[in-house]
Structure formats: structure tokens, C-alpha cells
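Tertiary structure, described
Next come the chains, spelled out residue by residue.
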Amino acid sequence: MAEAIAKVGDIDICYETFGDPADPAMLLIMGLGTQMLAWHEDFCEQLAARGYFVIRHDNRDIGRSTHLDDLPVPSLKQLALRSKTAAAYTLSDMARDSVGVLDHLGIEQAHIVGASMGGMIAQRVAIEHPERTLSLVSIMSNSGDFWHGQPALTMYAVLLRPAPKDREKYIEHGVNLFSKLGGSGWEPDIEDLRDIASRGYDRGHNPRGSSRQLGAIVADPDRAPELRKLKVPATVIHGAEDRLVRPSGGRATAKAIPGATLVQINGMGHGLPRGAWPQIIGAITQTAERATVSPAAGSAPPQATAAG
């Protein structure tokens, strides 16, 4: 299906689906400043081929979803102090956006999968919308605990460097950034990274939105106490060489969720390298297979509004 728009309150969320709407739904939530394109089409199609109705979407403030440019951007001081005043909106708001896409599609329940910040949002969906959550997979994320899963010191200079406004320089910046975040297990696919960066720039480059998303991350409290109350099948996937959200973040998340499985992938950094897809997709589907799907869990035919 082509990109479409779900109206969630006053916000438009751009989404795309893969597979049969009659299959159990699987919602993919992407990370900080990263559009749904980072859930590669081939990745989504492989999940759909395993019997899932796959939905990916742009978070608010990125891509073709609503850009909230009337809201303030947090200062470096607010971010450094992890101040709640840094948040123009919250991860809970972003979780409601994701659930709103399910509402738009007439879906009662879904398997929730999130990567990086998307893993944090996925955790919020499971915590705050348990009746909508069939299973949870948190990838290269953390539990919000300040002491686990923080970036390596060498990463701060990379993260804080503003992206260029010029299209070609922006694309090269994106390729360089994600190449550095990757691990040693697989050579970075430069052409693939360049393709995603160029399409992302053209779809809706919004650096101020990324800053507001970061404000939501730092203002969110430690989720571990709430994660301990979850009663859904859960898996935590993390790269052993992740320098952005260090592996301790994955271990802390898995420890907090009752019965969660921890899958640590050697050679993987902060990314979804194609060579690791068999392990990642296998872990996602194995988690989904552990869930009990209610008769109402499937989806009604999408009622979509085509994106411009």
C-alpha cells in the first residue's frame, strides 16, 4: 500500500503497510530523528511473508508526519540536566500517536516493535496501553535508567554536530553518522545508507523536530518500575558493539521485564544491518508466536487518506 495519513487528534501520522490486513498486526516504531524508511521495505516484506500485517510510521515531528514547529526546542542545558522542562511533548504522547494509527486502521491489538527511541515508545505503548499490546520487542534501547545504556563519551561529538542544511552535505553527514554507529560485524552498505538519507531529506528533513524528540527522551522517567508489571511476551535485542545506547541498556531492560528474552548480537552496533536480519526477524517472530491472539486482534481493511 502507498503511504497514507492517520489523523490522531490534531496530528497527522504518515504510515505505510505491508501484507494481508487479515493477519495479526505488527507495528514498527523507529528512533530519534529517523523516518520510517529505516525499517527497510525488504525487512517489512520479510515480516509480512511470515504472516503479519506490518505497519511502519513516521513519528511526530519527522518525515511526512506533522512538524510541530510552533513548539520550543530544548536548550543544551535542559538536555544535559535531563530536565522535564525540555519536553515540548512526551514519549507517552508519541505512544498515543502509534496507538492512534492502530485505531485508524481498525486494529484492536498488535505486536509492538521499536528500535532505539522507538523501543522506548514501544515500552510506553506496552505500559500504558496493555490491552492493545500482544507482544513487545525493544531493539537497541534502554529502560530510561540514567546508569545504563548511555552513549560512549566518543559519541557525544558525533551526536551534537548539527546536520548541514545543504542536501548533498546532509546526505553525506547521514552516511558518515550511521557508518560510525555500526559495528564491526558487517561492512556498512553505503549505497543503502545514501538512498535512505536522500529520500529522508526529500520527504521531510526537520532538525528542530529531532531536538524536540530528544527532549521527550531525556524527560521520561525510569520505566523499569512500570516494566516490571508487564504481562506480555517480550524480547530485548541489542548489538554487542552499540556505542550509542550501550549494551547495558538492553540488559537493564530485559532484567526489568518479567520473562523477557535477551538477544545480544555480536558485531552489531546501533543499526539494523542486513546481515543481522535473520537473527532480528527470527527473534521478533518467535516473540510474536508466544503471544495469545484474541479473535479481535486482526485488522479491518484500512481506511486511508493518501499522503501528498
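If you're wondering where the values come from, they're calculated on a predicted model, not measured in any experiment.

1. Some details on the packing of helix H6 (residues 167-181) against helix H7 (residues 190-204)
- Two elements in contact, H6 and H7, have axes whose closest approach is 9 Å; the angle formed by their N-to-C orientations is 135 degrees. The orientation of H6 relative to H7 falls into the category oblique. Crossing angle aside, the handedness with which H6 passes H7 is right-handed. When H6 is examined against H7, the residues Arg167, Tyr170, Ile171, Glu172, Val175, Phe178 and Ser179 are found in contact with a partner set consisting of Ile190, Leu193, Arg194, Ala197, Ser198, Tyr201 and Asp202.

2. Focus on the packing of helix H1 (residues 41-49) against helix H11 (residues 277-289)
- Between H1 and H11, whose axes approach to 11 Å, the crossing angle comes to 40 degrees. The orientation of H1 with respect to H11, classified from their angle, is oblique. For H1 against H11, the interelement crossing comes out right-handed. Of the residues in H11, those touching H1 at Asp42, Phe43, Gln46 and Leu47 are Trp277, Ile280, Ile281, Ile284 and Thr285.
- Per-class residue counts for the contact of H1 with H11 are 6 nonpolar, 2 polar and 1 charged.

3. Observations concerning the pairing of strand E2 (residues 11-18)
- E2 sits mainly inside the fold: 7 of its 8 residues count as buried.
- For strand E1 (residues 4-8) and E2, the ladder comprises 5 bridges, and the chain directions are antiparallel. Bridge pairing in E2 links alanine 6 to isoleucine 13.
- What sits between E1 and E2 in their antiparallel hairpin is a turn of 2 residues, with glycine 9 showing a positive phi close to 60 degrees.
- Bridge count for E2 against strand E4 (residues 53-57) is 4 bridges, and the pairing is antiparallel. Bridge pairing in E4 links phenylalanine 18 to valine 54.

4. Details of the pattern of salt bridges
- Counted under the stated rule, the structure contains 22 salt bridges.
- A salt bridge links lysine 7 to aspartate 12; its shortest N-O distance comes to 3.2 Å.
- With relative accessibility at 25%, the residue aspartate 12 sits in the partly exposed group.
- For arginine 167, the salt bridge is made with glutamate 168, and the minimal N-O distance between the two is 3.0 Å.

5. Section: the environment of glycine 182
- Structurally, the position occupied by glycine 182 is in the loop between H6 and H7.
- With relative accessibility at 33%, the residue glycine 182 sits in the partly exposed group.
- Sequence-wise, glycine 182 and serine 98 are 84 residues apart; in three dimensions their C-alpha atoms are separated by 27 Å.
- Beyond its immediate sequence surroundings of up to four residues, glycine 182 is in contact with Gly269 and His270.

6. Concerning helix H4 (residues 117-128)
- In this model, H4 (12 residues) spans 16 Å end to end at C-alpha, consistent with the 16 Å of a helix rising 1.5 Å per residue.
- Where burial is concerned, most of H4 is hidden: 11 out of the 12 residues are buried.
- Of the residues making up H4, those classed as buried are Met117, Gly118, Gly119, Met120, Ile121, Ala122, Gln123, Arg124, Val125, Ala126 and Ile127.

7. Examining the nonpolar core
- Core analysis: the largest hydrophobic core is formed by 40 residues, its most contacted members being Ile55, Leu91, Ile107 and Leu136.
- In terms of residue count, the dominant contributor to this core is H4 (7 residues).
- In this structure leucine 91 touches Met117, Met120, Ile121, Arg124, Ala216, Ile217, Asp220 and Arg223, once residues within four positions along its chain are discounted.
- Residues Met26, Leu28, Val54 and Trp277 belong to the second largest nonpolar core, which totals 27 residues.

Rules used in this analysis
Counting restarts for each chain: residues are numbered from 1 in the order of the written sequence. Whole-chain, interface and lining totals are the exception, using all residues; otherwise, since this is a predicted model, local features are given only for residues with pLDDT of at least 70 and side-chain atom pairs are given and counted only at 80 or more. Side-chain measures were taken over the full set of non-hydrogen atoms in the model, leaving aside hydrogen atoms and water. The convention used is that axes are lines fitted to C-alpha atoms, helices contributing only their stretch in contact, and that angles between N-to-C directions extend from 0 to 180 degrees. The helix count covers DSSP runs of H or I at least four residues long, the strand count covers runs of E at least two residues long, and both are numbered beginning at the N terminus. Orientation categories follow fixed angle ranges, with anything under 35 degrees roughly parallel, anything over 145 roughly antiparallel, 65 to 115 roughly perpendicular, and all other angles oblique. Note on convention: the crossing is left-handed when the near helix lies turned anticlockwise from the far helix by less than a right angle, right-handed when the turn is clockwise. Contacts are assigned to residue pairs with any non-hydrogen atoms lying within 4.5 Å of each other. When residues are sorted by character, Ala, Val, Leu, Ile, Met, Phe, Trp, Tyr, Cys and Pro go into the nonpolar class, Asp, Glu, Lys and Arg into the charged class, and all the rest, Gly among them, into the polar class. Burial status follows relative accessibility: with a 1.4 Å probe on protein chains alone, a residue under 20% of its type maximum counts as buried, one over 50% as exposed, and anything between as partly exposed. Any two strands are treated as partners once DSSP identifies two or more bridges connecting them. Any Lys or Arg side-chain nitrogen found within 4 Å of a carboxyl oxygen on Asp or Glu counts as a salt bridge. Helix span, as expected, comes to 1.5 Å for every residue beyond the first. Within this scheme, the nonpolar core is defined by two criteria: the residues are buried Ala, Val, Leu, Ile, Met, Phe, Trp, Tyr or Cys, and they are joined through side-chain atoms within 4.5 Å.

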